[in-house]
Every structure is written in C-alpha cells, then in structure tokens.
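This is what each chain is made of:
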Amino acid sequence: MPASDAGIRRVLERRSPVLATLQASPARKPELVAELESSRSTVDRAIGELTEAGLVETDGSEYMVTTAGRLALREHSEYERATDAVSSTTTFVNHLPRDAPVNTSLLEGASITMGADHAPDQALKPSNELFERATRMRGLAPVVLSFYPSLIAERLNEGDLTVEVVTEPDVLEALPTLPEFGTESLSEVDGLELYESGEELPYALWIMDTPESSYAGITAYKHGGVAGVLINEAQEAVQWAEDQYTQHLEGAAQVSISEL
C-alpha cells in the first residue's frame, strides 16, 4: 500500500540520496552500498521504505525509480533549493514588506551586501559598480536617495546609458527639492524615461544590462537608509525581475521631467 502524503515526505527527507542515485541509473544493492558508501543494512532499510512508498520498484536484482519517485524527487529537490535560498537570504529578505512579491528564483545564488550601522551606504557599492558599466537600467523607485539624480544625470551625459524608472507620486514631488537635483539636471539630458505609478511599489527593484551580462537586484531600506542590496545574474532571476517591472510599468503614466 502506498505511503500517506506525510509518509512520503518523511521517506524523502531520509532517503532522497538513495532515490537520487537510482534516478541517475538503476542499480543493485551492492552497487548502492559502494556508491553511497553506506552499510548494507542502511541500504536495505532505504530500499524497503522507498519501495513501500511506491517510489522505487525492482526489475530482477536491480532497483529503479518509478514515475511517482521521479516526480517526488523533483519536487523535493525544488523544495530543498527554495528553502536553502530563503535560509541564506533571511536577514536581507526580512527588510522587505511582509506581503512583497518575491520569488525564490531571485534569491537562489544571489549575492547580498548588508549595510553597516556606521556606514549603511557601503551596501550600495556593488550596485553602483554595476551602474558604472550599465548600458541600460530599468527599475522601481519607491524612495530616492539624495545623490541618485546627479549620479544618473552624470552617467546619462556620457551617452551610453538609457534609464527607465517607475516611481511614486511622493518621489516625483521630492525630486526638485533635492540639492543635487540641479547639479546635473535630469531635464537637460537624454535617455531617461520617468513613469508615475498608480499604486504603491513594494520595493526598489531594478534590472541592469551591461556589455557582459544582465543583473537583477533589490535595494532594501530601513529608517530612511540602506539596509542591504541583493544582486543576481541568473537568467531565471533576471526574467522574474523583468516580469515584475513590466507589470508595474503597464499601469504607470509617463511623466515629463521638464515639468517637475
């Protein structure tokens, strides 16, 4: 009789290495003992539990993964990757709103830089270095740091960058009041498109394209300063970030920078 849902989960937690080995190639028990460097009794118990759960079957003296075993192993592996990704990024992720849409594809393999209490802006160093090499940037901006306008204007003046930003009404109102806004006026450079969001933005998400690769990232804030920056160049992460950005862009209205 097949194991219950909870029973299969328990078997997978204990016996997934054996199942993964058989997924790669059917094997006899002595081969499993050698491959897994386990005792014969351990392999016997594992095969017994996997067989009882309907995840493994025998063909003569060889054991192989069933269709259910293949599907269960795939989902178990995805679960392990997802929970590992959350575990490795917990400190950063907990600075995001509780209901913020975040996919584990953005977290898996991500590079995270957290700000120090005495120097929170140090967390921006990796993303600023990317920005210096970027040829295109798209992003969501629920807040704006005072030095961003002049930094963007300086790079746009170099003529090899385009920037597209969706922001909130409060940010648009604040832009002209920033001392740095007039240093390199954004209204006097080409390559910037600004959009006003019709809804609250969940985080500062961005995508940067460089000559070498594309990167997705989120900048997290706390108490008006930078909490940390997450960066991931995996294709799945970049695609997820682009999908999120496009959703917000579709509901935004373009703003004339000269009218700010």
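Residues numbered from 1 in each chain as written. Predicted model: local features only at pLDDT ≥ 70, side-chain atom pairs only at ≥ 80, totals over all residues. Heavy atoms only, no water.

**Student:** Report on the nonpolar core, specifying residues and quantitative values.
**Tutor:** Counting residues in hydrophobic clusters, the biggest one holds 30 residues, and the most contacted among them are Phe131, Leu156, Val163, Trp206, Met208, Val226 and Val229. The set of elements that each furnish at least two residues to this core consists of helix H7 (125-133), strand E4 (136-141), helix H8 (148-157), strand E5 (162-167), strand E6 (192-196), strand E7 (204-209), strand E8 (214-222) and strand E9 (225-232). The leading source of residues in this core is H8, at 4 residues. Grouped together as the second largest cluster of nonpolar side chains are 24 residues, Ile207, Ala216, Val238 and Trp240 included. (Core = buried A, V, L, I, M, F, W, Y, C linked by side-chain atoms within 4.5 Å. Buried < 20%, exposed > 50% of the residue type's maximum accessible area, 1.4 Å probe, protein only. Helix = DSSP H or I, 4+ residues; strand = E, 2+ residues; numbered from the N terminus.)

**Student:** Mind laying out the layout of surface pockets, listing which residues take part and the relevant values?
**Tutor:** Estimates place the volume of the largest pocket at around 210 Å³. Lining the largest pocket are 14 residues, with Pro97, Pro142, Pro202, Tyr203 and Tyr221 sitting closest to its centre. Per-element accounting of the lining of the largest pocket gives the leading share, 3 residues, to E8. Class assignment of the residues belonging to the lining of the largest pocket gives a composition of 10 nonpolar, 2 polar and 2 charged. (1 Å grid on protein atoms, 1.4 Å probe; cavity = no way out; pocket = protein on both sides within 12 Å on 5 of 7 lines; lining within 4 Å. Points joined across faces, edges and corners; volume = space filled by probe spheres on them. Nonpolar A, V, L, I, M, F, W, Y, C, P; charged D, E, K, R; others polar.)

**Student:** Run through the packing of helix H2 (residues 29-36) against helix H3 (residues 40-52), naming residues and quoting values.
**Tutor:** In contact at an axis separation of 9 Å, H2 and H3 are set at 115° when each is read in the N-to-C sense. One way to sum up the angle between H2 and H3 is to call them roughly perpendicular. Handedness of the H2/H3 crossing: right-handed. Only Arg40, Val43, Asp44 and Ile47 of H3 make contact with H2, whose side of the interface consists of Lys29, Pro30, Leu32 and Val33. (Axes fitted to C-alpha atoms, helices over the stretch in contact; angles between N-to-C directions. Parallel < 35°, antiparallel > 145°, perpendicular 65-115°, else oblique. Left-handed = near helix turned anticlockwise from the far one by under 90°. Contact = heavy atoms within 4.5 Å.)

**Student:** Explain the pattern of salt bridges to me, and be specific about the residues and the numbers.
**Tutor:** Scanning the model with the defined rule gives 12 salt bridges in all. Put simply, Arg14 and Glu49 hold a salt bridge, and the shortest N to O gap is 3.2 Å. Linking Arg14 in helix H1 (residues 5-24) with Glu49 in helix H3, this pair joins segments that are 35 residues apart in sequence. By relative accessible area, Arg14 is classed as partly exposed at 46%. Here Arg155 makes a salt bridge to Asp160, at a shortest N to O gap of 2.9 Å. (Salt bridge = Lys/Arg side-chain N within 4 Å of Asp/Glu carboxyl O.)

**Student:** Tell me about the side chain of His248, residues and numbers included.
**Tutor:** Locating His248 in the fold gives a position in helix H10 (residues 235-250). Non-local contacts of His248, meaning those with residues more than four positions away in its chain, are made with Leu140, Val166, Glu199, Leu201 and Pro202.

**Student:** Talk me through a negative patch on the surface; I want residue IDs and the actual numbers.
**Tutor:** Where like charges cluster on the molecular surface, the negative patch consists of Glu13, Glu80, Asp84, Glu108 and Glu236. Along the chain, the position of Glu236 falls in helix H10. (Patch = residues over 30% accessible without salt bridge, like charges linked within 9 Å, V, L, I, M, F, W, Y side chains within 5 Å. Areas by Shrake-Rupley, 256 points an atom, 1.4 Å probe, with all protein chains shown as cover. Lys, Arg positive; Asp, Glu negative; His and termini not counted. Charge placed at Lys NZ, Arg CZ, Asp CG, Glu CD.)

**Student:** A description of the packing of H7 against H8 should follow, citing residues and the corresponding values.
**Tutor:** To characterise two packed helices, one gives the angle between the axes of the helices and the distance between these axes. Contact geometry for H7 and H8: axes closest at 10 Å, N-to-C directions at 25°. Compared by their axis directions, H7 and H8 come out roughly parallel. Seen from H7, the contacting residues are Asn128, Phe131, Glu132 and Arg133; seen from H8, they are Leu151, Ile152 and Arg155. Along the lines of polarity and charge, the residues of the contact of H7 with H8 split into 3 nonpolar, 1 polar and 3 charged.

**Student:** Explain H7 to me, using residue names and the numbers behind them.
**Tutor:** Of all the residues in H7, the buried ones are Ser127, Leu130 and Phe131. The arc enclosing the buried residues of H7, seen along the axis, measures out at 100°, which places them on a common side. Where H7 is buried, its residues touch E4, H8, E7, E8 and E9. (Arc of directions from axis to C-beta.)

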